[in-house]
Amino acid sequence: GATVTGVCSTRNLELVRSIGADSVIDYTAGDITELDERYDVILQVAGTESPLRLRRVLAPGGSLVLSSGMGRLNGVDRIVKALVASPIVRQRLTTFVTKENHADLVTLRELIGSGAVRPVIDRTYPLGQAREAFRHLESGHTRGKIVLTT
């Protein structure tokens, strides 16, 4: 029931629309922290934008949820800074870490099977090419997930 705004580069605008975003913002076209829009929740699953800068487009009392990102220690430095700042700002700055369990995986399989969730697969590699797969992933130019097959 949420209205979803995706943020991506120009080459991924249509991809993000195709997987269900109601609107998309091209971060290469300008500073996303200077937008007039305010968001109740920002879920940052990748990126380099500082959590403290993202607060500029977060509604008062809104929540910024960090999952990963670029930076030192794969973004851990950004997450730690946000957690330290959270008690002293009006907005909630928090993290999200998945904890896989059987019931959730069954639900995910059902959502994918019904078409309600459409995973985006960039490339598939045989397990013997895992090194090449990780090189591609680290290039920062993947469009979706990398899959290793046995």
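Below or above, wherever it landed, is the structure these notes cover.

Thresholds, definitions, all that
- Residues numbered from 1 in each chain as written.
- Predicted model: local features only at pLDDT ≥ 70, side-chain atom pairs only at ≥ 80, totals over all residues.
- Heavy atoms only, no water.
- Helix = DSSP H or I, 4+ residues; strand = E, 2+ residues; numbered from the N terminus.
- Buried < 20%, exposed > 50% of the residue type's maximum accessible area, 1.4 Å probe, protein only.
- Areas by Shrake-Rupley, 256 points an atom, 1.4 Å probe, with all protein chains shown as cover.
- Pairing = 2+ DSSP bridges.
- Right-handed = clockwise from strand over helix to strand, strands pointing away.
- Salt bridge = Lys/Arg side-chain N within 4 Å of Asp/Glu carboxyl O.

**Thoughts on the overall build of the protein**
Working step 1: A tally of helices and strands in the protein yields five helices and seven strands.
Working step 2: Order of helices (α) and strands (β) in the protein, N terminus to C terminus: β-α-β-β-α-β-α-β-α-β-α-β.
Working step 3: A burial count over the protein gives 27% of its 150 residues as buried.
Working step 4: When the accessible surface of the protein is totalled, it reaches about 10,500 Å², and 56% of it is carbon and sulfur.

**Topic: the environment of Thr150**
Working step 1: Mapping Thr150 onto the fold places it in the segment after strand E7 (145-149).
Working step 2: Look at Thr150 and you get exposed, because its relative accessible area is 96%.
Working step 3: When the C-alpha atoms of Thr150 and Tyr125 are compared, they prove to be 8.9 Å apart, with 25 residues separating the residues in sequence.

**A short note on the pairing of E7**
Regular strands show a simple pattern: their side chains alternate between the two faces of the sheet.
Working step 1: Pairing of strand E6 (residues 121-126) with E7 involves five bridges; the strand directions are parallel. By the bridge assignment, Tyr125 is partnered in E7 with Leu148.
Working step 2: Note on the crossover from E6 through helix H5 (residues 130-138) to E7: the handedness is right-handed.

**Some remarks on the pattern of salt bridges**
Working step 1: This model, assessed by the stated rule, comprises four salt bridges.
Working step 2: The shortest N-O distance in the salt bridge between Arg56 and Glu34 comes to 3.0 Å. In this pair, Arg56 sits in the loop between helix H2 (51-54) and strand E4 (58-66) while Glu34 sits in the loop between strand E2 (23-26) and strand E3 (39-44), placing the two residues 22 residues apart along the sequence.
Working step 3: On the basis of relative accessibility, which here comes to 40%, the residue Arg56 falls in the partly exposed class.

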